[in-house]
Amino acid sequence: MTTARKMIDISSRLLFVLFVLVSTFVFAMFQGGMVSWTIFYIILPFIIYSLLLFFYPMSKMTVERTIRTPHVQNGEKLIVSLSIKRKNRFPLLYTVVSEQWAEPEIVVLAGEKLKRLFVFGFRQEVEWEYEIEKIPRGEHILQGVKVEISDFFGWLRKTKFIEVENMILVYPKMTGIHYVPFNTQYDQGTMASPLNIVKDTTMATGVRNYQSGDRVTWIHWKSFARTQTLMTKEFEDRRSQELFIIMDGRESKMFEELVELTASILKEASNHQADLALMTTGPKPSLFPFIQSEEQLHMALVHLAKIKPANEASLADFGTTFQHGGSIVLITGNPDGPFIQSVLLSVDNVESIICMVVVKRDDPALQRIEEDIRLAKSKGITVHLLEQKQFSDAFKEAVRL
């Protein structure tokens, strides 16, 4: 409602209250008698309250919002609490507070939970907490809070929108995956291990004589202080696998499951110190070439939280990103010829590709998908068919193929 319409509405309501006041007074004057004046005096306090409510300054009201579940995943419960405050103790009767979300889908999902009736009374503050079950993945905007106050009979109503903006990011659901490194890969026709030896610098296992090229941070200064001989810390060696994950960003019935599987693999592979890269296809493909720190992983997960399906499936140039060998994990729900061919154009060795196709067994389109899978296999691609309930064993199943 525009400001002009609000002014017209509140003015018309004020005129109605004044009309009731004048009407009852005139009736009592001309009719006379105890009954007429009794009616006037009974209704007079309600009219006076309505007039005082007209001048009540709603601009003094403030709202504080707290997101009780700041890190929530797709399908989980969102809990929000509100605190509505005012500076005076003017008695308020019927106060309706309602949350204003930018997305109509959230309003439909939450239903009546986004609205609450309060009887303020003389209190200066009221609190309210509500929950939204199964909040969907994405970036959701809370615009503000609408507060409506009313008199006894609803003759006079005033509405105030208090802008309190919050952005809620709902991350993809992440399933625990049993991470198993892929056994063998090929690098331009030559057998090569996808596992790289990296130093775990958080765990020193001993010391040795300093050698040219050792990092200064690896020097064991305590032994140097005792012996005046440079010694270098020795660390535990850990194996790290190179994984380049490509998620099909095209519109699909299984799009949410694709995002879930991609996020789950990123999270689990990162926990096992794999060297990761991520690409999502679309009109403007997004590329995260180095995911090695918590901050870089967080940026990739934020992207997966915000991503929306697209009609196109173009790829970014990832030749420089994927140049040391390793495995390409292609995650799709539609391994059709054009999409697979666009991937093959950017990859030198087909054997490095492991395609995970997310499906539903009762999907009528499964027969066509199986034909596309046979075509992909004929080109040398390893293909693994997955349902959502099989996500936890996705790597185990791929290793067996």
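Residues numbered from 1 in each chain as written. Predicted model: local features only at pLDDT ≥ 70, side-chain atom pairs only at ≥ 80, totals over all residues. Heavy atoms only, no water.

Caption draft 1: The arrangement of the sheet that holds strand β6 (residues 125-132) in detail. Taking strand neighbours across the sheet as the criterion, the three strands line up as β1-β3-β6 in an open arrangement whose pairing is antiparallel. Each end of this open sheet is capped by a strand with a single partner; those strands are β1 (62-67) and β6. Looking at each pair of strands side by side, their axes are set apart by 20° on average, direction ignored. Pairing of β1 with strand β3 (residues 78-85), which is carried by six bridges, proceeds in the antiparallel orientation. Bridge pairing in β3 links E64 to S83. (Pairing = 2+ DSSP bridges. Helix = DSSP H or I, 4+ residues; strand = E, 2+ residues; numbered from the N terminus. Axes fitted to C-alpha atoms, helices over the stretch in contact; angles between N-to-C directions.)

Caption draft 2: Quick peek at the pattern of salt bridges. This structure, assessed with the given rule, holds 13 salt bridges. Between K77 and E133 there is a salt bridge, with the nearest N and O atoms lying 3.8 Å from each other. A residue pair is termed long-range when its members are at least 10 positions apart, and K77 in the loop between β2 (72-73) and β3 and E133 in the loop between β6 and β7 (138-150) qualify at 56 residues. A relative accessible area of 35% places K77 in the partly exposed class. Relative accessible area serves as the criterion here: at 39%, E133 is assigned to the partly exposed category. (Salt bridge = Lys/Arg side-chain N within 4 Å of Asp/Glu carboxyl O. Buried < 20%, exposed > 50% of the residue type's maximum accessible area, 1.4 Å probe, protein only.)

Caption draft 3: Expanded view of unusual backbone geometry. Non-glycine residue K134 carries a positive phi angle of around 55°. Structurally, K134 can be placed in the loop between β6 and β7. Non-glycine residue Q273 carries a positive phi angle of around 60°. The residue Q273 is located in the loop between α5 (255-271) and β13 (275-280) in this model.

Caption draft 4: Region of the structure containing the packing of aromatic side chains. Going through the model one piece at a time under the given rule, you end up with 15 aromatic pairs. Look at Y49 and F90: their rings are 5.6 Å apart centre to centre, the planes differ by 10°, and that puts the pair in the stacked class. Separated by 41 residues along the polypeptide, Y49 in helix α2 (residues 33-54) and F90 in the loop between β3 and β4 (92-101) bring together distant segments of the chain. Grouping residues by exposure puts Y49 and F90 together as buried. Of the aromatic side chains, those joined through ring pairs into one cluster are F16, F46, Y49, Y56, F90, F152, F153 and W155. (Phe/Tyr/Trp six-rings, centres within 6.5 Å; stacked < 30°, edge-to-face > 60°.)

Caption draft 5: Region of the structure containing the pairing of strand β8 (residues 157-171). With two bridges connecting them, β2 and β8 associate as parallel partners. Pairing of Q73 across the sheet is with Y171, part of β8. When β7 meets β8, the two strands line up antiparallel, connected through twelve bridges. Across the sheet, residue K146 finds its bridge partner in β8, namely F161. Where β7 folds back onto β8 in an antiparallel hairpin, the turn is made up of six residues, including G154, whose phi is positive at roughly 75°.

Caption draft 6: View of the side chain of D372. Tracing the chain through its elements places D372 in helix α8 (residues 366-378). Overall, the relative accessible area of 14% leaves D372 in the buried class.

Caption draft 7: Geometry of the environment of P91. Assignment of secondary structure puts P91 in the loop between β3 and β4. Separated by 30 residues in sequence, P91 and G121 place their C-alpha atoms 4.6 Å apart.

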